[in-house]
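Structural features, examined
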Amino acid sequence: MSDKQTPEEFYDKLKTQLYDTTAWPAEYLYKFIVKSEPKKIAEIEGIFNNLGAVIKTQPSKNGKYTSVSISVTLKNPETVVEKYKEVTENVEGVISL
């Protein structure tokens, strides 16, 4: 997201790009980075619970942060954006890639 772009503008652009480039439903890969705290990782995993998501975690070299990759089949770009918003609203300090 650029400095001059609001989160809503970013999400609107993402939705447009996803509609233009993907046939839905489709598999989508999320990537998040959080401090290596089990509670934060569990919060992210909980948001994707019951969706059939494949979740992989990878600690950073020094172990301070953890990368969380989530592959999940979703019905449309709106669902993709909803999950991004849910993670950023519920997990403090998360970075979305």
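Just so you know, these numbers come straight off a predicted model, no measurement behind them.

Section: the overall build of the protein chain
A count of helices and strands for the protein chain gives three helices and four strands. Each helix and strand of the protein chain, placed in order from N terminus to C terminus, yields the pattern α-β-α-β-β-α-β. Taken over C-alpha atoms, the radius of gyration comes to 14 Å for the protein chain, in line with the 13 Å a tight globule of 97 residues would show. Considered along the principal axes of its C-alpha atoms, the protein chain spans approximately 40 × 35 × 20 Å. Relative to its 97 residues, the protein chain shows a buried fraction of 32%. Taking the intrachain contacts of the protein chain between residues at least 6 apart in sequence as the baseline, contacts between residues at least 24 apart amount to 69%.

A word on the nonpolar core
The biggest cluster of nonpolar side chains holds 23 residues, and the ones touching the most others in it are Tyr30, Phe32, Ile44 and Phe48. Only helix H1 (7–21), strand S1 (26–35), helix H2 (38–47), strand S3 (65–74) and helix H3 (77–90) provide two or more residues apiece to this core. Here the element with the most residues in this core is S1; it accounts for five residues. Those residues in contact with Phe48 that lie beyond four places of it in its chain are Tyr30, Phe32, Ala53, Ile55, Ile70, Val72, Lys83 and Val87.

A word on H3
Over its 14 residues, H3 runs 20 Å from end to end, which matches the ideal 20 Å to within 8%, given 1.5 Å per residue. Turning to H3, its buried residues number three or more, namely Pro77, Thr79, Val80, Val81, Lys83, Tyr84 and Val87. Looking at the packing, one finds that the buried side of H3 touches H1, S1, H2, S3 and strand S4 (95–96). Residue Asn76 occupies the N-cap position of H3, its side-chain oxygen lying 3.1 Å from the main-chain nitrogen of Glu78.

Section: the pairing of S1
Inspection of the sheet shows S1 paired to S3 by ten bridges, in the antiparallel sense. The residue bridging Glu27 from the neighbouring strand is Thr73, located in S3. Here S1 pairs with S4 via two bridges, running antiparallel. Within S4, the position partnered with Phe32 by the bridge is Ser96.

The rules behind these values
Every chain begins its residue count from 1, and numbering advances along the sequence as written. Reporting of local features is limited, given that this is a predicted model, to residues whose pLDDT is at least 70; pairs of side-chain atoms are given and counted only at 80 or more, and all residues count toward the totals for whole chains, interfaces and linings. Side-chain metrics in this entry use all non-hydrogen atoms of the structure; hydrogen atoms and water are not considered. Counting from the N terminus, the helices are the DSSP runs of H or I reaching at least four residues and the strands are the DSSP runs of E reaching at least two. Every radius of gyration here is taken over C-alpha atoms, with the globule rule written as 2.2 Å times N^0.38, N being the number of residues. When accessible area is computed with a 1.4 Å probe and restricted to protein chains, residues below 20% of their type maximum are described as buried, those above 50% as exposed, and intermediate ones as partly exposed. Contacts between residues were defined by any pair of non-hydrogen atoms, one from each residue, lying within 4.5 Å. For the purposes of this section, nonpolar cores are sets of buried Ala, Val, Leu, Ile, Met, Phe, Trp, Tyr and Cys residues that join through side-chain atoms within 4.5 Å. Multiplying 1.5 Å by the residue count of a helix minus one yields the expected span of that helix. For this analysis, a polar contact is any N or O atom pair within 3.5 Å, provided that within protein one partner can donate a hydrogen and the other can accept it, and provided that sequence-adjacent residues contribute only side-chain to side-chain pairs. Note: two strands are recorded as paired if DSSP finds a minimum of 2 bridges between them.

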